[in-house]
Amino acid sequence: MNAVSHAVTEPARLSDTGPTQRPSGRQPGPGGSGSSVEASRETRPPKVRAEVRNLSFYYGQNRALKDINIPIADRQVTALIGPSGCGKSTFLRCFNRMHDLQVGTRYEGSITLYPENVDLVGRDIDPIEVRMRIGMVFQKANPFPKSIFENVAYGLRLRGMTRRSLLAEEVEQALRGAALWEEVGDRLHESAMALSGGQMQRLCIARALATKPEILLCDEPTSALDPIATAKIEELISTLRAQVTVLIVTHNMQQAARISDYTAFMYLGELIEFGQAGRIFTNPAKKATEDYITGRYG
Ligand code: ADP
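Q: Explanation requested: the pairing of strand E2 (residues 62-73) in the structure shown.
A: Consecutive residues of a regular strand have side chains that alternate between opposite faces of the sheet. Bridge count between strand E1 (residues 48-59) and E2: eight bridges; the pairing is antiparallel. Bridged to Leu55 within E2 is Ile68. Linking E1 to E2, which pair antiparallel, is a turn of two residues; within it Gly60 sits at a positive phi near 60°.

Printed below as a string of structure tokens:
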């Protein structure tokens, strides 16, 4: 990726922000803004992996995102919550330039990826290159009609990896990382289409992890799954923070409360409130957030 033309800027600190506040100031930490949940989650302040600055997004004349500012913490889970149609998926899709596939769309502002200091929505960045670095998992599992092995090896082959032994190593590592190896390690050459829905979704996570993405985007990854498969994916996402930065869209607030370190509440294309999950769910600063998390609308 071409980083040459980008001025070096400092990442923001991970403090709570609202729609009109710019991220700045305090680092979160034990005893920072409150609850024991936060204290247990925050033993050391995380670094910022990406910073969203004044991001607006347009579908033609429709401004679906309005001037969003959020720091994305490195190797933490950041959840986006809010009622249907508030722009969560639109926001997520800016990170891997999915919108470029649709004519008449436009970005304003920036998403700076650190430490490379590149603007993911910058005009001079190749969207295909961005998609190689930012993994994505969708609402409905979408394995290729190929073997389990070939699904996971797909991105590695695209990047030119041909040595069978190396591919096998990487595939195993990705399947272990997605908590699927124990279930499929002895049938890698069977069709991925024969897996259960939950297994397919973990396979898609393994496929995304295989190429070691810098950020993993998850767009309601459990909404098509039963409660047991959902619990497995939630547990998996909680462990993934050891290896990758996760950005997840969910309309399930309990899920966001369970698995996220940071939570952003969006409404009508605006960021209403952002902060440590423990605080957002126990002591929201904005009435709109409180109304949403207590089920008054949405
Ligand atoms: P959410 O993920 O919170 O449900 P979306 O990001 O899907 O919200 O939608 C935000 C707004 O953008 C809505 O008004 C929706 O109608 C519009 N929108 C979403 N996807 C498209 C698209 N592909 N083309 C045009 N408008 C879209």
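Q: What exactly am I supposed to notice about the sheet that holds strand E5 (residues 118-119) here?
A: In a beta sheet, neighbouring strands pair by backbone hydrogen bonds and run either parallel or antiparallel. A sheet is described by the order of its strands in space; here four strands give the open sequence E2-E1-E4-E5, paired in antiparallel fashion. Only two strands of the sheet have a single neighbouring strand rather than two, namely E2 and E5. Where strand E4 (residues 105-113) meets E5, two bridges bridge the pair, whose relative direction is antiparallel. Counted as the bridge partner of Thr112 is Asp119 from E5.

Q: Whenever I open this one, the sheet that holds strand E7 (residues 215-219) confuses me. Can you help?
A: With respect to topology, six strands assemble into an open sheet ordered E6-E7-E8-E3-E9-E10, the strand pairing being mixed. Each end of this open sheet is capped by a strand with a single partner; those strands are strand E6 (134-137) and strand E10 (270-276). Along the sheet, successive strands turn relative to each other by an average axial angle of 15°, direction set aside. Both E7 and strand E8 (residues 245-249) contribute to a ladder of five bridges, which runs parallel. Bridging across to E8, Leu216 finds its partner in Val246. Here helix H7 (residues 197-210) sits on the sheet and contacts E6 and E7; the angle it forms with E6, its principal contact strand, is near 175°. This element, helix H8 (residues 227-240), spans strand E3 (77-81), E7 and E8 of the sheet and lies at about 145° to E8.

Q: Help me understand the site of the ligand, please; the structure alone is not making it clear to me.
A: Taken together, the residues surrounding the ligand are Tyr59, Asn62, Ala64, Gly82, Ser84, Gly85, Cys86, Gly87, Lys88, Ser89, Thr90 and Gln102. Contributing elements (two or more residues each) for the shell around the ligand: E2 and helix H2 (88-94). The leading source of residues in the shell around the ligand is H2, at three residues. Of the residues assigned to the shell around the ligand, the class counts are three nonpolar, eight polar and one charged.

Q: Honestly, the packing of helix H4 (residues 148-158) against H7 in this entry has me stumped. Any pointers?
A: Working note: a packed helix pair is described by the angle between its axes plus the distance between those axes. Contact geometry for H4 and H7: axes closest at 7 Å, N-to-C directions at 30°. Between H4 and H7, the angle is such that the two are roughly parallel. When the axes of H4 and H7 are compared, the crossing they make is right-handed. Residues Ile148, Asn151, Val152, Tyr154, Gly155 and Leu156 of H4 form the contact with H7, whose participating residues are Leu203, Ala206, Arg207 and Ala210. Considering only residue class, the contact of H4 with H7 consists of seven nonpolar, two polar and one charged.

Rules of the game
Residues numbered from 1 in each chain as written. Predicted model: local features only at pLDDT ≥ 70, side-chain atom pairs only at ≥ 80, totals over all residues. Pairing = 2+ DSSP bridges. Helix = DSSP H or I, 4+ residues; strand = E, 2+ residues; numbered from the N terminus. Axes fitted to C-alpha atoms, helices over the stretch in contact; angles between N-to-C directions. Contact = placed C-beta atoms within 7 Å. Near = placed C-beta within 6 Å. Nonpolar A, V, L, I, M, F, W, Y, C, P; charged D, E, K, R; others polar. Parallel < 35°, antiparallel > 145°, perpendicular 65-115°, else oblique. Left-handed = near helix turned anticlockwise from the far one by under 90°.

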